[in-house]
Amino acid sequence: MFVLSFQALLFSQNGTFFGNVFDSESGEKLIGAAVLIKDRSAGVLTNSYGFYSLTVPQGSYSVTFSFVGYKTATVQIALSGDTTVNVALQPDIAALGEVIVEAAATSNAVLRQAGVNSLNLGAARLTPVAAGEVDIIKNLQYFPGIQTANEGTTNLSVRGGSFDQNLFLLDDAPIYNPSHALGFFSTFNPDAISSVNVYKSAFPARYGGKLSSIIDIRMKDGNNRRPEVAGGAGLIAGRLSVEAPIKEGRSSFIVSGRYSYAGSVFNAIGRLGQELRVSALQNFNANNEINFYDFNAKANFSINAKNHLYFSGYAGNDHFYCYTVNSDASMDWGNRAATARWNHILNSRLFSNATLIYSRYNYSYILKEDIRNFEWLSAMGEVDLKYDVDYFINPSNHMSFGIAAERHSYFPGGIEPRDSVSITRAFELEQRNSVETTAYLSNEQKIGSRITVNYGLRYPMFFLLGKGDVYSWSETGEITDTTHYRHRELIQYYGSPEPRFDLRYMINSGNSVKVSYTHVSQYRHLLSNSSLGLPTDIWVPAGRNIKPQRTSQYSAGYYSLFYNSMFELSVELYYKQLFNIIDYRDNADLFLNPQVEASILSGRGEAYGVEFYVEKKKGNLTGWFSYSLSKVTRQIEGINAGRPYPASYDKRHNLSAALMYRLSLGLSAGAVFKYTSGGYITMPEGAFSYYGAIFNYYSERNGYELPPYHRLDISFTYKNPRKQNSRWKPELSFGIYNVYDHKNIFSLFVKMKESNMQAYKLYLYGITPYFTYNFRF
């Protein structure tokens with residue numbers, strides 16, 4: 001009885017201060033802002049919704065609130081109980097794009113998780129990009145361990161994973177195909193985005209479903225202080241965003257749209273080249289149709305001090321017909337996503353978030369000017385319900401737990417004739433449905449002043465439901481049995497625990513060592529024999545014949561801030577074991593094949609590497625250097641005679657370097673150099689005829705290494721210094737992509753010509769100048 005009374009007395013002597021950290025000018029919540037008590041080893045980062053909570057003994061404290069690119073705020077708090085402390089941080093306008101980290105540097109070294117990179121959107125706007133269109137996904141490719149699958153595309157390979165193993169989240173809603181124009185541009189309009197974080201290892205327990213990475217992208221909430229308009233126009237697209245208060249300080253909205261006229265520009269350049277008698281353009285066809293749009297909208301409402309509602313939506317669509325790529329077919333695809341979210345503060349230490357999510361992806365392929373003349377349609381979608389809780393137990397323990405239910409539908413494809421003379425007959429594959437439920441629990445625990453451990457467990461349960469026919473196959477791909485399942489009858493169940501562990505040891509205030517372990521399962525697979533990520537690729541669920549892919553990843557790293565926090569250095573090692581990785585038999589037919597599973601084989605693989613990253617974060621001259629040395633292999637019985645072979649995205653060396661220099665008060669210059677080793681492809685050695693049909697025959701799987709990829713880009717950005725304190729803020733960017741005009745291979749393919757096999761190389765970007773005009777008022 002005495003012990004219980006004594007514990008109650010001790011607990012009553014504690015107090016909790018909690019609240020939100022936000023931008024003073026727009027009211028935007030700041031995710032990952034550092035809250036530190038001076039002269040104590042107590043600190044915390046704001047969660048994904050800008051909320052924090054710290055429980056300490058009652059007394060007076062000097063507390064610093066800091067965030068990259070903002071001025072640090074110091075607040076004196078006299079704590080005598082539970083106290084709400086909301087803090088507004090002021091943007092460091094004088095930085096003019098320079099990353100200010102002085103006060104936040106130590107907190108990042110203490111609290112930063114292994115294998116996580118945060119994209120600085122300000123720096124991304126200064127980085128040279130193709131056609132001058134700021135691209136979030138392409139900027140992620142400059143981080144170590146992240147590379148593109150093809151020249152000029154947004155398809156990412158992260159630490160040896162394929163591009164379908166990345167989970168892209170936009171306000172918690174999955175985006176299945178995050179690309180426009182066959183991957184040349186990403187679907188994310190930078191004017192509508194507030195933060196981007198990529199997890200390469202040590203996934204938080206709340207995330208799962210994909211093996212390689214989590215790309216968590218958050219939309220802006222909208223300025224709740226004053227109306228603001230931003231936009232711009234470049235060579236291939238125009239943008240416009242409007243945000244404003246609905247009720248000042250309490251609610252706001254943002255709408256943002258972007259439209260691309262890339263096809264019109266492409267045709268105009270081709271016609272001009274013909275008029276100027278450019279030899280390479282004399283056979284140019286000016287009937288290209290390439291355009292896309294995306295639209296973002298979000299509104300939020302502060303009901304009271306403990307309840308906040310958010311509603312966000314995204315819609316994007318592409319139409320692509322390019323004579324150079326494929327003169328016989330056009331493609332259309334698009335994403336739709338919506339999120340409704342309720343933030344509720346249960347008490348000073350408990351924060352909850354309930355989320356309802358909708359996402360759908362539609363894609364089609366039209367074959368025209370052919371007697372087959374058909375349209376192929378496919379789609380997939382999901383509806384999710386999630387409930388997450390953050391429990392700030394004390395300064396040493398931050399617990400997170402939650403549950404989720406997801407319903408997925410898959411329409412692998414259907415084909416219809418487009419007119420009465422088409423020889424194509426209507427046909428469609430069976431639809432599939434699945435349900436996935438998940439529960440997770442994790443805790444971030446500080447042990448003394450030097451050690452922080454994050455441990456957790458996620459348990460997903462996957463149910464594949466009927467109706468439909470499920471086949472059994474022999475080793476040679478012949479059907480041996482067929483089982484019919486009724487509507488909503490259980491076809492297959494999978495479930496397995498996914499442990500997560502991350503340990504950080506602080507050597508001193510600027511140096512730390514980190515180790516982590518992550519186990520993840522993936523229940524949805526992309527059937528594709530292309531590294532481009534074409535809209536005609538097919539998503540299918542795990543089932544009786546296709547098992548879930550799984551990976552176990554081990555990583556260790558060293559992190560350092562030095563020279564008065566001006567430089568950041570990190571070195572990370574990783575090793576991944578891959579299980580049930582899928583690949584295809586030679587001459588596999590994936591298009592509208594009801595028995596496509598007979599062409600799929602599974603096996604094991606491994607990926608390992610070392611990553612180096614150094615960044616200069618302050619001063620007139622800033623920049624970074626990134627390098628990865630890695631290897632990816634697969635071993636699947638029935639492919640390559642059972643011998644190990646490299647994955648197509650196995651690129652041994654991946655190097656990028658960037659410099660940004662403030663030439664004057666309003667003029668900045670930037671340069672980026674990128675080099676990667678060539679990937680691997682399978683080239684046929686010849687062809688043979690069988691009953692009039694031509695088949696290729698192959699030797700080694702992925703036995704041909706492509707040439708290395710490299711390019712240099714430069715850019716200049718001008719902001720009129722006399723306009724920066726005025727309402728109208730114009731900005732002009734101009735630069736050159738691929739300065740020395742290196743011919744990087746986009747695609748290598750083989751065609752039969754007069755019974756002879758010939759190989760062709762397709763290049764995309766030569767030297768490309770660009771300019772973009774941006775404004776804000």
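Residues numbered from 1 in each chain as written. Predicted model: local features only at pLDDT ≥ 70, side-chain atom pairs only at ≥ 80, totals over all residues. Heavy atoms only, no water.

(A) Main features of the overall build of the chain. A count of helical and extended segments in the chain gives five helices and 52 strands. In terms of overall size, the chain behaves like a compact globule, its C-alpha atoms giving a radius of gyration of 27 Å where 777 residues would be expected to give roughly 28 Å. Seen through its principal axes, the chain has C-alpha atoms that stretch 90 × 70 × 45 Å. Here the chain holds 777 residues, and the buried ones make up 56% of them. Long-range contacts, defined here as pairs at least 24 residues apart, represent 65% of the contacts in the chain between residues at least 6 apart. Just so you have it, the chain exposes about 32900 Å², and 57% of that area is on carbon and sulfur atoms. Taken together, the 72 basic and 66 acidic charged side chains of the chain have centroids lying 6 Å from each other. (Helix = DSSP H or I, 4+ residues; strand = E, 2+ residues; numbered from the N terminus. Rg over C-alpha atoms; globule rule 2.2 N^0.38 Å. Buried < 20%, exposed > 50% of the residue type's maximum accessible area, 1.4 Å probe, protein only. Contact = heavy atoms within 4.5 Å. Areas by Shrake-Rupley, 256 points an atom, 1.4 Å probe, with all protein chains shown as cover. Lys, Arg positive; Asp, Glu negative; His and termini not counted. Charge placed at Lys NZ, Arg CZ, Asp CG, Glu CD.)

(B) Seen up close, the sheet that holds strand β12 (residues 166–170). In spatial order, the strands read β9-β16-β17-β12-β13; together these five strands make up an open sheet with mixed pairing. Each edge of the open sheet is held by one strand with a lone partner, namely β9 (116–118) and β13 (173–174). As defined by bridge partners, β12 adjoins strand β17 (residues 213–219) across five bridges and the pair is classed as parallel. Counterpart to Asn166 in the pairing with β17 is Ser213. (Pairing = 2+ DSSP bridges.)

(C) Spatial organisation of the nonpolar core. In this structure, Phe184, Phe185, Phe320, Tyr365, Trp376 and Leu527 are the most contacted members of the largest nonpolar core, which totals 44 residues. Counting only elements with at least two residues in this core, the list comes to β21 (289–304), β23 (329–347), β24 (350–367), β25 (374–394), β26 (397–417), β35 (524–527), β36 (538–541) and β38 (567–584). The element best represented in this core is β24, accounting for four residues. Grouped together as the second largest cluster of nonpolar side chains are 31 residues, Leu126, Leu170, Ile193 and Ala658 included. (Core = buried A, V, L, I, M, F, W, Y, C linked by side-chain atoms within 4.5 Å.)

(D) Region of the structure containing the pattern of salt bridges. Per the counting criterion, the structure on display carries 27 salt bridges. Put simply, Glu430 and Arg432 hold a salt bridge, and the shortest N to O gap is 3.3 Å. For Glu430, a relative accessible area of 38% puts it in the partly exposed group. Judged by its relative accessible area of 14%, Arg432 is buried. (Salt bridge = Lys/Arg side-chain N within 4 Å of Asp/Glu carboxyl O.)

(E) Quick peek at the packing of aromatic side chains. Summed over the entire model, instances satisfying the criterion amount to 30 aromatic pairs. Through a chain of ring-to-ring contacts, three or more aromatic side chains come together here, namely Phe18, Tyr49, Phe51, Phe351 and Phe392. Taking the ring centre of Phe185 as reference, the NZ or CZ of Lys138 above it sits at 5.5 Å. For the cation-ring pair, Arg341 lies above Tyr310, with the distance from its terminal atom to the ring centre recorded as 4.3 Å. (Phe/Tyr/Trp six-rings, centres within 6.5 Å; stacked < 30°, edge-to-face > 60°. Lys NZ or Arg CZ within 6 Å of the ring centre and 35° of its normal.)

(F) A look at the sheet that holds strand β6 (residues 73–79). Pairing in this open sheet of four strands is antiparallel, and the strands run β3-β2-β5-β6 from one edge to the other. Of all the strands in the sheet, the pair left with one neighbour each is β3 (43–45) and β6. Strand after strand, the sheet turns through a mean of 20° between neighbouring axes, direction not considered. Pairing analysis gives seven bridges linking strand β5 (residues 59–66) to β6, with the strands arranged antiparallel. Across the sheet, the residue bridging to Gly59 is Leu79, located in β6. (Axes fitted to C-alpha atoms, helices over the stretch in contact; angles between N-to-C directions.)

(G) Structural detail: the confidence of the model for the chain. Looking at the chain, the pLDDT average stands at 86 and 91% of residues meet or exceed 70. Here residues 1–11 scores under 50 on pLDDT; set against residues more than four positions off or in separate chains, the count is one contact. In the model, residues 95–111 has pLDDT below 50 throughout and makes 46 contacts with residues more than four positions away in sequence or in other chains. (pLDDT = per-residue confidence, 0-100.)

(H) Structural view of unusual backbone geometry. In the segment running from Gly466 into Lys467, the intervening peptide bond is cis, with an omega of 20°. Its place among the elements puts Lys467 in the loop between β29 (451–465) and β30 (468–473). One non-glycine residue, Asp171, adopts positive backbone phi at about 50°. Its location among the elements puts Asp171 in the loop between β12 and β13.

(I) Geometry of helix α5 (residues 262–275). With 14 residues, α5 ought to run about 20 Å at 1.5 Å a step, and its terminal C-alpha atoms sit 20 Å apart, in line with that. The inward-facing, buried residues of α5 contact β20 (251–260) and β21. A positive phi of about 60° marks Arg277, the residue just after α5. (Expected span 1.5 Å × (residues − 1).)

(J) Main features of the pairing of strand β33 (residues 498–508). Relative to β33, β29 runs antiparallel, the two being bridged by eight bridges. By the bridge assignment for β33, Thr452 is matched with Arg504. One ladder, built from eight bridges, connects β33 with strand β34 (residues 511–522); its direction is antiparallel. What sits directly across from Leu503, in β34, is Val515.

(K) Region of the structure containing a nonpolar patch on the surface. There is a patch of nonpolar side chains on the surface, built from Tyr718, Trp728, Leu732, Phe734, Phe771, Tyr773 and Phe777 and spanning about 630 Å² of accessible area. Secondary structure elements with two or more residues in the nonpolar patch: β49 (729–737) and β52 (768–776). Position of Phe734 among the secondary structure elements: in strand β49. (Patch = residues over 30% accessible without salt bridge, like charges linked within 9 Å, V, L, I, M, F, W, Y side chains within 5 Å.)

(L) Highlighting the side chain of Ser400. With respect to the helices and strands, the residue Ser400 is situated in strand β26. Residue class for Ser400 comes out buried when judged on its relative accessible area of 12%. Within the structure, the side chain of Ser400 is placed 2.9 Å from the side chain of Asp390, a separation counted as a polar contact. Dropping the residues within four chain positions of it, Ser400 is found in contact with Val389, Asp390, Tyr440, Leu441 and Ser442. (Polar contact = N/O pair within 3.5 Å; in protein donor to acceptor, adjacent residues only side chain to side chain.)

(M) Structural view of the pairing of β23. Pairing between strand β22 (residues 307–321) and β23: 14 bridges, direction antiparallel. Counted as the bridge partner of Asp318 is Trp333 from β23. Direction of pairing for β23 relative to β24: antiparallel, over a ladder of 18 bridges. Each residue of the ladder has a partner; that of Asn343, found in β24, is Asn353. Count of turn residues in the β23/β24 antiparallel hairpin: two residues.

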